[in-house]
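Examination of the molecular architecture
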Amino acid sequence: MIRAVVFDVGECLVDETREYGTWADWLGVPRHTFHAMFGAVIAQGRDYREVFQEFRPGFDLYEERDKRAAAGQPETFGEADLYDDVRPTLTQLRADGLWLGIAGNQTIHAGKILRELFTNDVDLIGTSDDWGASKPDPEFFRRVAEVTPFANDEILYVGDRVDNDLRPAVAAGMHTALVHRGPWATIQWRTEEAEKLPTFRVESLLELSGLIINFNEPAR
């Protein structure tokens, strides 16, 4: 039975299109060129951070984040960057009586923004910088399990990536949902793992309520 739903952040709750565009601008690279390289790196199974190295060898993402902030161009996101289905989904799942959390690979700065956006909507917000562990490290999912007041097999982790989200969450004994949006899910959607690993495959987060209700029905 699913009693808790924990959401990834980027390309699950937050549309990162605008933010990656600002990174292209910061690098002085045409946006379509940056996005093409981004897709190529993902399709090759490489870490997305290698995209920056392709354009500027030796690029230090943390250092450049600080430089952007100092220049008045901080890496950021807000209400306008949330996918349209996020707010109604959280409202519906809360009405269904589910415990809700948000946990992703995010900086301390991003964690602050998440708390400003979602503190009244979810029971927990955690980030990789908070915990000192980043997905797909099993330690990240151990931390998710520690802060969720239910057994691992009662947790549904929702994300857009097979490699960072589904695979380690399943290894931790959790249920998973793969949402079909963003570059990773688009590239991975028809792979064997993307078809077999998740408990649910959804085009919209709005599908989760009905799917969870049906999944839980035999246990009632």
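Quick look at the structure, then. Model, not experiment: these values are computed from the prediction.

Definitions and limits used
Residues numbered from 1 in each chain as written. Predicted model: local features only at pLDDT ≥ 70, side-chain atom pairs only at ≥ 80, totals over all residues. Heavy atoms only, no water. Helix = DSSP H or I, 4+ residues; strand = E, 2+ residues; numbered from the N terminus. Rg over C-alpha atoms; globule rule 2.2 N^0.38 Å. Buried < 20%, exposed > 50% of the residue type's maximum accessible area, 1.4 Å probe, protein only. Contact = heavy atoms within 4.5 Å. Core = buried A, V, L, I, M, F, W, Y, C linked by side-chain atoms within 4.5 Å. Phe/Tyr/Trp six-rings, centres within 6.5 Å; stacked < 30°, edge-to-face > 60°. Lys NZ or Arg CZ within 6 Å of the ring centre and 35° of its normal. Pairing = 2+ DSSP bridges. Axes fitted to C-alpha atoms, helices over the stretch in contact; angles between N-to-C directions.

Here we come to the overall build of the protein. Helix and strand counts for the protein come out as twelve helices and six strands. Over its C-alpha trace the protein gives a radius of gyration of 17 Å, about what one expects of a compact globule, namely 17 Å for 220 residues. Along the first, second and third principal axes, the C-alpha set of the protein runs to 55 × 35 × 30 Å. By residue count, 49% of the 220 residues in the protein fall in the buried class. In the protein, once contacts between residues fewer than 6 apart in sequence are set aside, the share between residues at least 24 apart is 60%.

Here we come to the nonpolar core. In terms of nonpolar packing, the biggest core is built from 32 residues, with Val5, Phe7, Phe118 and Leu208 touching the most fellow members. Among the elements of the structure, strand E1 (4-7), helix H5 (86-95), strand E2 (99-104), helix H6 (108-118), strand E4 (155-159), strand E5 (175-179), strand E6 (200-202) and helix H12 (208-216) are those that each provide at least two residues to this core. In terms of residue count, the dominant contributor to this core is H6 (five residues). Excluding anything up to four places from it in sequence, Val5 contacts Leu93, Leu98, Trp99, Leu100, Gly101, Leu156, Val158 and Ile212. Of all hydrophobic cores here, the second largest spans 15 residues; its members include Tyr20, Val29, Phe34 and Val51.

This brings us to the packing of aromatic side chains. Overall, the coordinates contain 15 aromatic pairs when judged by the stated rule. On the numbers, 4.8 Å between centres and 10 degrees between planes, the contact of Phe52 with Phe59 is stacked. Here Phe52 and Phe59 have matching classes, each one buried. Here the aromatic cluster, defined as three or more aromatic residues joined through ring pairs, consists of Tyr20, Trp23, Phe34, Phe38, Tyr48, Phe52, Phe55, Phe59 and Trp184. Positioned above the aromatic ring of Tyr83, the side-chain terminus of Arg181 is 3.9 Å from the ring centre. Note that Arg201 overlies the ring of Trp189, its terminal NZ or CZ placed 3.8 Å from the centroid.

Let us now look at unusual backbone geometry. For the bond running from Lys135 to Pro136, omega is 10 degrees, close enough to zero to count as cis. Locating Pro136 in the fold gives a position in the loop between helix H7 (128-131) and helix H8 (138-147).

A word on the sheet that holds E2. The parallel open sheet is built from six strands, whose spatial order is E3-E2-E1-E4-E5-E6. At either margin of the open sheet sits one strand with a lone partner, and together these are strand E3 (124-127) and E6. The average undirected angle you get between the axes of adjacent strands in this sheet is 20 degrees. Inspection of the sheet shows E2 paired to E3 by four bridges, in the parallel sense. Bridging across to E3, Ala103 finds its partner in Gly126. Its contacts with the sheet place H5 against E1 and E2, and it is angled at close to 160 degrees to E1. Each of E1, E4, E5 and E6 is contacted by H12, which is oriented at about 160 degrees to E6, the strand it contacts most.

Fair warning: the whole summary comes from geometry, so function is off the table for now.
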